[in-house]
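Observations on chain architecture
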Amino acid sequence: MAQEDSQFVATGPIETASDPDFAAFSTGWTNPEFDYGANVQGGICGVYGTALHGGERRAPQNVPKGMGVCAIGIQTGLYAETTEGGVGVRAESVGRHSGEGVRGTGNVKGVVGVTEPSRGAEGDFRAGVFGTVNAELEPLPPAIVREMGDAGVAGVSSPRGPGVVGISQSGAAIDGRSHRGPAGLFQSAHAAQIRLHLDLTEPPEQGTAGELLATATSAPISPDPEASLWFCTKGSVPGRPASWTRLA
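The sections below set out a description of the structure shown in this document. On a predicted model such as this, the values are computed, not experimentally measured, just so you know.

1. A closer look at the overall build of the protein
For the protein, the count of helices and strands is one helix and nine strands. Reading the secondary structure of the protein in the N-to-C direction produces β-β-β-β-β-α-β-β-β-β. Put simply, the protein has 248 residues, and 11% of those count as buried. Taking the contacts inside the protein whose residues are at least 6 apart along the sequence as the reference set, 24% of them involve residues at least 24 apart.

Rendered as structure tokens:
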């Protein structure tokens, strides 16, 4: 249905609403096929799509300006599936200003990545979520793939930054758990496997049994301090501080 000469609203053939392929607008396969099934541009958002039952509950004008695709749903905002080794979702932020390739917001999960496990093929690596700051690092070096196997989340960094960063206000920034193998594996060819940052000059009163802590022996902390290593043997409870044993 035409609203203006250059603007259209598709209401769809109501009599075929029971058809599982029912759509207000669709393109079919042609020979030769289209280069793009849809090519759209917009000042605020290129594509705005919702699947909210009971009618529209969020005005398109409320979406942030400058979005390529805005997808809103009751369960999943955007669902992407690929075959033959392709990419389900590829998002790129361009320009001189900082931007985000992918942002996911949800009441339960922000971003979910799922992949099928590999079948042991040489050089075959699969990850549910793969993040890199340098596209030239894809694919991963074969030696790393052979040792690492499949991963739920894989992060590859540039020479100056970490592969994965975890930040928390109270809980664990990174939580690793395993039923049979080690909960964490750290490897470095030319440096220490683990570095404990020196933020304290003495063990705190709060602690949980099993925690490992490194403190600086100088106060205030100097650019080149000496360090001490502590292990919490008994956690803190109301009225009793934690017990720390110095290891080195």
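2. Some details on the pattern of salt bridges
A full pass over the atoms with the stated rule returns one salt bridge. Across the pair D175 and R177 runs a salt bridge whose closest N-O atoms are separated by 3.0 Å.

3. Overview of a nonpolar patch on the surface
There is a patch of nonpolar side chains on the surface, built from F186, I194, L196, L212, F231 and L247 and spanning about 570 Å² of accessible area. Relative to the helices and strands, F186 resides in the loop between β6 (151–156) and β7 (212–216).

4. Digging into the side chain of T215
If you trace the backbone, T215 turns up in strand β7. In this structure the side chain of T215 is engaged in a polar contact, spanning 3.1 Å, whose partner is the side chain of W230. Aside from chain neighbours lying at most four places away, what touches T215 is L198, L200, T201, E202, P203, E226, A227, S228 and W230.

The rules we used
Residues numbered from 1 in each chain as written. Predicted model: local features only at pLDDT ≥ 70, side-chain atom pairs only at ≥ 80, totals over all residues. Heavy atoms only, no water. Helix = DSSP H or I, 4+ residues; strand = E, 2+ residues; numbered from the N terminus. Buried < 20%, exposed > 50% of the residue type's maximum accessible area, 1.4 Å probe, protein only. Contact = heavy atoms within 4.5 Å. Salt bridge = Lys/Arg side-chain N within 4 Å of Asp/Glu carboxyl O. Patch = residues over 30% accessible without salt bridge, like charges linked within 9 Å, V, L, I, M, F, W, Y side chains within 5 Å. Areas by Shrake-Rupley, 256 points an atom, 1.4 Å probe, with all protein chains shown as cover. Polar contact = N/O pair within 3.5 Å; in protein donor to acceptor, adjacent residues only side chain to side chain.

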